[in-house]
Structures are given as C-alpha cells and as structure tokens.
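Coordinate inspection notes
Okay, here's what each chain looks like letter by letter:
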Amino acid sequence: MESLDELLVKAEAAHGHLCAGQVLGVRMALLGLERLGIADPRGADRKRLVTFVEIDRCATDAIGLVSGCRLGKRTLKFRDWGKMAATFVDLASGRAVRIVALEDSRELARQLYPHVELKSRQQMMAYRELAEGQLFSEQWVRVDVAAAELPGYKSERFQCPRCGEGVNFGRFAEVSGERLCLSCAQPALRYWTAD
C-alpha cells in the first residue's frame, strides 16, 4: 500500500483537486482496510472488499481510489444518508467495520492551526496529522450483502412494457399485475421529466 502522501497525490489527480474531504476519505479507507487486514485492495485482495459510502462528496472519490471499489464493479455501494461515513466489508471473512468522521475534528483543526486563516486549509493540514481516534469513530458491524448485490451477479433482464427500456438485476415493481421498471411504476420519484 502506498503512503498517505502518495495516495493524496493520486486522489488529487483522480478527483481534480485536493481538499479536506479527500484527506478524510483517504485516511478513512486506509483505516478500514487496516482493520480488516486487507493489504492489497486493488490487486490480490480486490475480490474481498465491498464498501458502502453514505455521502456523495469528495471523500467518496478518495475512498474508491484507495479501496479499489467502484460502482461499475458493483463493489462500491452508495447510501444517500449525507453522513461522512463508510462501511468496509470483507467478503472472505464476513467482518465489517463502519468508520465515521467525527464532527469535533473541525474544531481540533481550528485549535491546531489558529494562525491559518482559511478553514479549509486548517482542516487539510490537521486531517493529515490528527490521530485516528481524533478523526474517526469505529464500530464493528454486520452487513448481510445479498447475492444480488455481489460483483458478478447475473439475473434476468426484462424490457419494461411502458417505456420499452431494458432493466437489469430485478429492478422492477408489480403494478396491477404488470411488471414495470421503477421509473414507470413510480413516476413521481423520477429525477427527470420529458420535454
């Protein structure tokens, strides 16, 4: 595994900038991997790990970079809870650890670097050096990853009779005896409207 500085350079290149969220994400992923004993998440151990992220911010890109988990590989799972948290699941052992960034780490950054004017700069500097216990809470948890959520899972594909679009992985709903894609079954939940 590369050093923190090496991973931050890679995170900056992949994300487009370096910020406090990137530093937290890299450190959060390193801690999760360490706790699970996963030394080579992008190589020899790549099929062992599934990661659940709870926020769609900068840290998530860093977590994906360090862990090797990706949406397209079905190893990165997004739960839109708005929390700076991630759960790292070792599929081989069944063990999982949830890591949450502590709110008071922002205040610790201010105390550590009061002479630095920009809050974001204070946080970037402090998050590199604060102890893990000052940045994160950790909890061993159980995560039952359903077979349909695993990488490589294959299931029936069907074509929605209303919109004609193909649908993977059983993502449909029965409405009045008709199998519909989720956007046709619940149009009020669509993120888009037709022009």
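Here's a quick rundown of the structure. What you are looking at is a predicted structure, and each value in this text was computed from that prediction instead of being measured.

**Digging into the overall build of the protein chain**
- When its secondary structure is counted, the protein chain shows seven helices and nine strands.
- Seen along its three principal axes, the alpha-carbon backbone of the protein chain occupies a region of about 65 × 40 × 30 Å.
- Across the 195 residues in the protein chain, those meeting the buried criterion constitute 39%.
- Expressed as a percentage of contacts within the protein chain between residues at least 6 apart in sequence, the contacts between residues at least 24 apart total 60%.
- With an accessible surface of roughly 11,200 Å², the protein chain has 50% of that area assigned to carbon and sulfur atoms.
- When the 28 basic and 26 acidic side-chain charges of the protein chain are each reduced to a single mean position, those positions are 4 Å apart.

**Some remarks on the nonpolar core**
- Counting 35 residues, the largest nonpolar core has M28, F88, Y127 and F136 as its most contacted members.
- Elements with a minimum of two residues in this core: α1 (4-15), α2 (20-36), β1 (49-53), α3 (58-67), β3 (85-90), β4 (96-101) and α5 (119-129).
- Looking at this core element by element, the count peaks at nine residues for α2.
- Leaving out residues up to four positions away in the same chain, M28 has contacts with I63, M84, A85, A86, F88, I99, V100, A101 and F136.
- Counting residues in each nonpolar core, the second largest holds eight residues, with C160, V167, L180 and C184 among its members.

**Re the sheet that holds β1**
- Taking strand neighbours across the sheet as the criterion, the five strands line up as β2-β1-β3-β4-β5 in an open arrangement whose pairing is mixed. Sheet topology places β2 (76-78) and β5 (136-141) at the edges, where each strand pairs with a single neighbour. Averaged over all neighbouring strand pairs, the angle between strand axes comes to 20°, with direction disregarded.
- Across three bridges, β1 lies against β2 in parallel orientation.

**Side note on the packing of α1 against α2**
- Two numbers describe how α1 lies on α2: the axes approach to 10 Å, and their chain directions differ by 125°. By the angle between their directions, the pair α1 and α2 is classed as oblique. In this structure, α1 meets α2 at a crossing whose hand is right-handed. Every residue of α2 that contacts α1 at L4, L7, L8, A11, E12 and H15 is listed here: Q22, V23, V26, R27 and L30.
- Here the residues of the contact of α1 with α2 sort into seven nonpolar, two polar and two charged.

**As for unusual backbone geometry**
- The phi dihedral of R74 falls on the positive side, at around 65°, and the residue is not glycine.
- You can see R74 is positioned in the loop between α3 and β2.
- R74 gets classed as buried once you look at its relative accessible area, which sits at 13%.
- Even without being glycine, S176 reaches a positive phi, approximately 50°.
- Among the residues examined, S176 registers a relative accessible area of 79% and is labelled exposed.

Here is what the cut-offs are and how they apply
- Residues numbered from 1 in each chain as written.
- Predicted model: local features only at pLDDT ≥ 70, side-chain atom pairs only at ≥ 80, totals over all residues.
- Heavy atoms only, no water.
- Helix = DSSP H or I, 4+ residues; strand = E, 2+ residues; numbered from the N terminus.
- Buried < 20%, exposed > 50% of the residue type's maximum accessible area, 1.4 Å probe, protein only.
- Contact = heavy atoms within 4.5 Å.
- Areas by Shrake-Rupley, 256 points an atom, 1.4 Å probe, with all protein chains shown as cover.
- Lys, Arg positive; Asp, Glu negative; His and termini not counted.
- Charge placed at Lys NZ, Arg CZ, Asp CG, Glu CD.
- Core = buried A, V, L, I, M, F, W, Y, C linked by side-chain atoms within 4.5 Å.
- Pairing = 2+ DSSP bridges.
- Axes fitted to C-alpha atoms, helices over the stretch in contact; angles between N-to-C directions.
- Parallel < 35°, antiparallel > 145°, perpendicular 65-115°, else oblique.
- Left-handed = near helix turned anticlockwise from the far one by under 90°.
- Nonpolar A, V, L, I, M, F, W, Y, C, P; charged D, E, K, R; others polar.

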